[in-house]
Amino acid sequence: MALSSALRLPCRHLCPSSALLSSLPGWDCSLLTEKKTAAKWKEKKKAREGCSLPGSSWEERLANAVTPLSRLPYQEQLQVKYESQRKILQTLASRLEELGIDARKPGGLCCPLRPVVPSPVINGYRNKSTFSVNRGPDGNPKTVGLYVGTGRARNIVCVKANHMENIPSKHKQVAQCYEDFIRGSPLDPCILFHEGGHWRELVVRTTSCGHTMAIVTFHPQELGHEALAAQKALLKEFFTRGPGTVCALTSLYFQESAMTRCSHEQSPFQLLHGEPHIFEEVLGLKFRISPDAFFQVNTGGAEVLYQAVGELSQAGGDTVLLDICCGTGTIGLSLARRVSKIIGVDVVEKAIEDARWNAAFNDYTVVRAIRNCRSIRRLLYISCKPEGEAMRNFLELCCPSDPGKKLAGEPFAPTLAIPFDMFPHTVHCELVLLFTR
């Protein structure tokens, strides 16, 4: 029985036919030469740096920090991202050569690189947004928005995200209502844990089905049970009978947390109003989403990505598909009709519950297990940050056998790379890298 594996890290075989590649969006996109692209990007980078000068508006500074490519026409954004992915593959080739593996192909890459597949939606594509609470440009500590500056530099300013092109209007509406609520609350915001305060970040999730989930994080400090219950009741009243009803929330969650980030297991999400889950449809399938479950942030882009993954996997009726870091199971289930069995693995317990309904552990352990499983001959690794931790995984998959690291299996080799633009206006890109052996 054939065994195929899709490895996706959150915050992921091939002799492809020309027909397959020509069917991918962006296959016939024209690319600037490396020199011309680099020159254009350098010029635009200078302009962006200018936006950080004191004369720039706070809105410009935020756009520069979060969506630095938004000033470029979309085709030029794709060209910039192509060059970025090309350098990553060059780095991987160099690192493999250091291990004694001749992996360098034409252009100094470790494998062929296809053009960046564009997103079908360019503006307002995010289905999940996280808004912080901190001092705004006017000094009001109850400002809900996104950060400009860093905690290390102690120059953080929270700027409203009303002008951000990647955030949909519904998210902005909920953020504005939350700001109105906390400004009317006698409780202070929690900016620094040791300084006290309570109101913290807001997460908004939406789906193409028209569902909206809001998750409010609250630092309990020394509040007792009755005082906490009173604040939850006020929040619920605001969004169900007060000004917040305009948001038409499907779900309103409340999480008490004394940590920067915590899971449902560490501090349960408390449903104050509505349905416990929201639902999304992808490629004709219906998916259930919990507050902290992973789901691709660009639903339209995810459909394009999953269709391509289905073709690249070459999965057949006798294939067992391993969906590692499966989140809500979207990738595996989108291929369910092609394979005999799907095994989904994830570190988030609630995500696994969703994946079961929809039917990390240590990265090194995962990679080692895949490497040592002789039945796995084709691996699709999908990563939104291939230059980071994923690079170490790539090297462990491809390095010579090393008993000391318990890497006994035959090494993989990178065969094809296809970038997908899941994050228009930002510098980020989702890279699908095919490994075979």
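Remember, predicted model here, so these are calculated numbers, not experimental data. (Residues numbered from 1 in each chain as written. Predicted model: local features only at pLDDT ≥ 70, side-chain atom pairs only at ≥ 80, totals over all residues. Heavy atoms only, no water.)

### Re the packing of aromatic side chains
No. 1: On inspection of all chains with the given rule, the structure shows nine aromatic pairs.
No. 2: For the ring pair Phe181 and Trp199, a centre distance of 5.2 Å and an interplane angle of 80° mean the geometry is edge-to-face. Taken as a pair, Phe181 in helix α5 (residues 169-183) and Trp199 in strand β5 (residues 199-206) lie far apart in primary sequence, 18 residues in all.
No. 3: Looking at Phe181, the relative accessible area reads 9%, which means it is buried. (Phe/Tyr/Trp six-rings, centres within 6.5 Å; stacked < 30°, edge-to-face > 60°. Helix = DSSP H or I, 4+ residues; strand = E, 2+ residues; numbered from the N terminus. Buried < 20%, exposed > 50% of the residue type's maximum accessible area, 1.4 Å probe, protein only.)

### What to know about unusual backbone geometry
For residues that are not glycine, phi is negative in most cases, and the peptide bond is trans in most cases.
No. 1: Here the phi dihedral of Gln221 falls at roughly 50°; this positive angle occurs in a residue that is not glycine.
No. 2: Within the secondary structure layout, Gln221 lies in the loop between β6 (212-218) and α6 (225-240).

### Some thoughts on the confidence of the model for the protein chain
No. 1: Summary statistics for the protein chain give a mean pLDDT of 85 and a share of 83% for residues scoring 70 or more.
No. 2: In this model residues 43-51 is a low-confidence stretch, pLDDT under 50, and it forms 11 contacts with partners more than four residues away in sequence or in other chains. (pLDDT = per-residue confidence, 0-100. Contact = heavy atoms within 4.5 Å.)

### Concerning the side chain of Asn127
No. 1: Residue placement: Asn127 occurs in the loop between α4 (74-98) and β2 (128-134).
No. 2: A relative accessible area of 7% places Asn127 in the buried class.
No. 3: A distance of 2.7 Å separates a polar side-chain atom of Asn127 from the backbone oxygen of Gln296.
No. 4: Polar contacts involving the side chain of Asn127 include one to the side chain of Thr299, which spans 2.9 Å.
No. 5: The residues touching Asn127, leaving out its near neighbours within four places in the chain, are His171, Val204, Arg205, Thr206, Phe295, Gln296, Val297, Asn298 and Thr299. (Polar contact = N/O pair within 3.5 Å; in protein donor to acceptor, adjacent residues only side chain to side chain.)

### Comments concerning the pairing of strand β11 (residues 320-324)
No. 1: By the criterion of burial, β11 is predominantly enclosed, with five of the five residues buried.
No. 2: Residue alternation in β11 divides its side chains into two sets, Val320, Leu322 and Ile324 and Leu321 and Asp323, and both sets are buried.
No. 3: Where β11 and strand β12 (residues 341-345) come together, five bridges link them in parallel fashion. Across the sheet, residue Val320 finds its bridge partner in β12, namely Lys341. (Pairing = 2+ DSSP bridges.)

### Comments concerning the environment of Asn140
No. 1: Position of Asn140 among the secondary structure elements: in the loop between β2 and β3 (143-148).
No. 2: For the pair Asn140 and Arg183, spaced 43 residues apart in sequence, the C-alpha to C-alpha distance is 9.2 Å.

### Re the sheet that holds β6
Adjacent strands of a sheet pair through backbone hydrogen bonds, lying either parallel or antiparallel.
No. 1: Strand order across the open sheet formed by seven strands is β4-β3-β2-β5-β6-β7-β8, with mixed pairing between neighbours. The sheet is open, and its two borders are formed by β4 (157-159) and β8 (270-274), each paired with just one other strand. The sheet shows a mean angle of 35° between the axes of neighbouring strands, taken without regard to direction.
No. 2: Here helix α3 (residues 58-66) sits on the sheet in contact with β3 and β4, set at roughly 60° to β3.
No. 3: Sheet strands touched by α5: β2, β3, β5 and β6. Its angle to β5, the strand with the most contacts, is close to 155°. (Axes fitted to C-alpha atoms, helices over the stretch in contact; angles between N-to-C directions.)

### Remarks on the pairing of strand β9 (residues 278-282)
No. 1: Counted residue by residue, β9 has four buried out of five residues, so it is predominantly covered.
No. 2: Linking β9 back to strand β10 (residues 285-289) in an antiparallel pair, the connection comprises two residues, with Leu283 at a positive phi of about 55°.

### Observations regarding helix α7 (residues 299-313)
No. 1: Given a rise of 1.5 Å per residue, 15 residues ought to cover 21 Å, and the 21 Å separating the end C-alpha atoms of α7 matches this to within 8%.
No. 2: Counting buried positions along α7 yields 11 of 15 residues, so the element is predominantly enclosed.
No. 3: Of the residues making up α7, those classed as buried are Thr299, Gly301, Ala302, Val304, Leu305, Tyr306, Ala308, Val309, Gly310, Leu312 and Ser313.
No. 4: For α7, the N-terminal capping position is held by Asn298, with its side-chain oxygen 3.4 Å away from the main-chain nitrogen of Gly300.
No. 5: One or two steps after α7, the chain reaches Gln314, where phi turns positive at roughly 55°. (Expected span 1.5 Å × (residues − 1).)

### Re the pattern of salt bridges
No. 1: Scanning the model with the defined rule gives 12 salt bridges in all.
No. 2: The closest approach of N and O atoms between Glu60 and Arg71, which form a salt bridge, is 3.9 Å. Of this pair, Glu60 sits in helix α3 while Arg71 sits in the loop between α3 and α4; the two residues are 11 residues apart in sequence, bridging distant segments of the chain.
No. 3: By relative accessible area, Arg71 is classed as partly exposed at 47%.
No. 4: One salt bridge connects Glu97 with Arg104, and the closest N-O pair in it is separated by 3.2 Å.
No. 5: In this structure Arg104 comes out as partly exposed when scored by relative accessible area, which is 34%. (Salt bridge = Lys/Arg side-chain N within 4 Å of Asp/Glu carboxyl O.)

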